[in-house]
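Fold and contact review
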Amino acid sequence: QVQLVESGGGLVQAGGSLRLSCAASGGTFRNSDMGWFRQVPGKEREFVASLSWTGTVKAYADSVKGRFTISRDNAKNTVYLQMNSLKPEDTAVYYCAARSSGGYNLVSAYSNWGQGTQVTVSS
């Protein structure tokens, strides 16, 4: 089973950038499709981006398309989320996860989750 640890969150002004990292250990990270989700208190966790294990198939939520980029380095067992042109509405706890089965944008498709990293965007 893959263990995941996110890092890179913080406080940034609107228009700024952050790069989140998700380090994996154990399991079969290199054969796992990976996803980023985010959650605001009182709301459901929502899909942000996903990336196939080959690194060739990417998907993004409409709200982040053109601003966020997901990537991976299988040699380092790490998946990244580059976030540019950040907006206050991007404020959330961001989670990475490994997909087991099901739709790439569904929370239920992911069985391994990190503990999350807080991203706060000030206006």
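In case you missed it, the structure is sitting above this.
Notes on the structure follow. (Residues numbered from 1 in each chain as written. Predicted model: local features only at pLDDT ≥ 70, side-chain atom pairs only at ≥ 80, totals over all residues. Heavy atoms only, no water.)

**Regarding the pattern of salt bridges**
The test is simple: A pair is scored as a salt bridge if a Lys or Arg side-chain nitrogen falls within 4 Å of a carboxyl oxygen belonging to Asp or Glu. Secondary structure follows DSSP: runs of H or I at least 4 residues long count as helices, runs of E at least 2 residues long count as strands, and numbering of each begins at the N terminus. Accessible area is worked out with a 1.4 Å probe on protein chains only. A residue is then buried under 20% of its type maximum, exposed over 50%, and partly exposed in between.
Within this structure, the stated rule accounts for 5 salt bridges. Here Arg67 makes a salt bridge to Asp90, at a shortest N to O gap of 2.7 Å. Here Arg67 is found in the loop between β6 (58–60) and β7 (68–73), whereas its partner Asp90 is found in the loop between β8 (78–83) and β9 (92–99), with 23 residues between them in sequence. By relative accessible area, Arg67 is classed as buried at 11%.

**Remarks on unusual backbone geometry**
Here Asn77, not a glycine, exhibits a phi torsion of approximately 50°, which is positive. Relative to the assigned elements, Asn77 resides in the loop between β7 and β8. Note on Asn77: relative accessible area 25%, which makes it partly exposed. Of note, the phi angle at Ser85 is positive, near 50°, even though the residue is not glycine. With respect to the element layout, Ser85 can be found in the loop between β8 and β9.

**Here's the deal with the side chain of Arg67**
Stated precisely, the cut-off is as follows: Whenever two N or O atoms come within 3.5 Å, that pair is a polar contact, provided that in protein one can donate a hydrogen and the other can accept it, and provided that, for residues adjacent in sequence, both atoms are side-chain atoms. Contacts: residue pairs with any heavy atoms within 4.5 Å of one another.
At 2.8 Å, the side chain of Arg67 and the backbone oxygen of Ser63 are in polar contact. Those residues in contact with Arg67 that sit more than four places away from it in its chain are Gln82, Met83, Asn84, Ser85, Leu86, Lys87 and Asp90.

**Considerations on the sheet that holds strand β1 (residues 3–7)**
Note the threshold: Two strands pair if DSSP finds at least two bridges between them. Angles here are taken between N-to-C directions and fall from 0 to 180 degrees, while the axes themselves are lines fitted to C-alpha atoms, restricted in helices to the stretch in contact.
Strand order in the open sheet made by the 4 strands is β1-β3-β8-β7, with antiparallel pairing throughout. One side of each edge strand has no neighbouring strand; the edge strands of this open sheet are β1 and β7. Along the sheet, successive strands turn relative to each other by an average axial angle of 15°, direction set aside. Direction of pairing for strand β3 (residues 18–25) relative to β8: antiparallel, over a ladder of 6 bridges. Bridge assignment links Cys22 to a residue of β8, and that residue is Val79.

**Observations regarding the side chain of Ser32**
Structurally, the position occupied by Ser32 is in the loop between β3 and β4 (34–39). Within the structure, Ser32 has its side chain in polar contact with the backbone oxygen of Thr28 (distance 2.9 Å).

**Comments concerning the environment of Ala23**
Among the secondary structure elements, Ala23 is positioned in strand β3. When its relative accessible area of 37% is taken as the criterion, Ala23 is described as partly exposed. Counting along the chain gives 18 residues from Ala23 to Val5, while the straight-line C-alpha distance between them is 5.3 Å.

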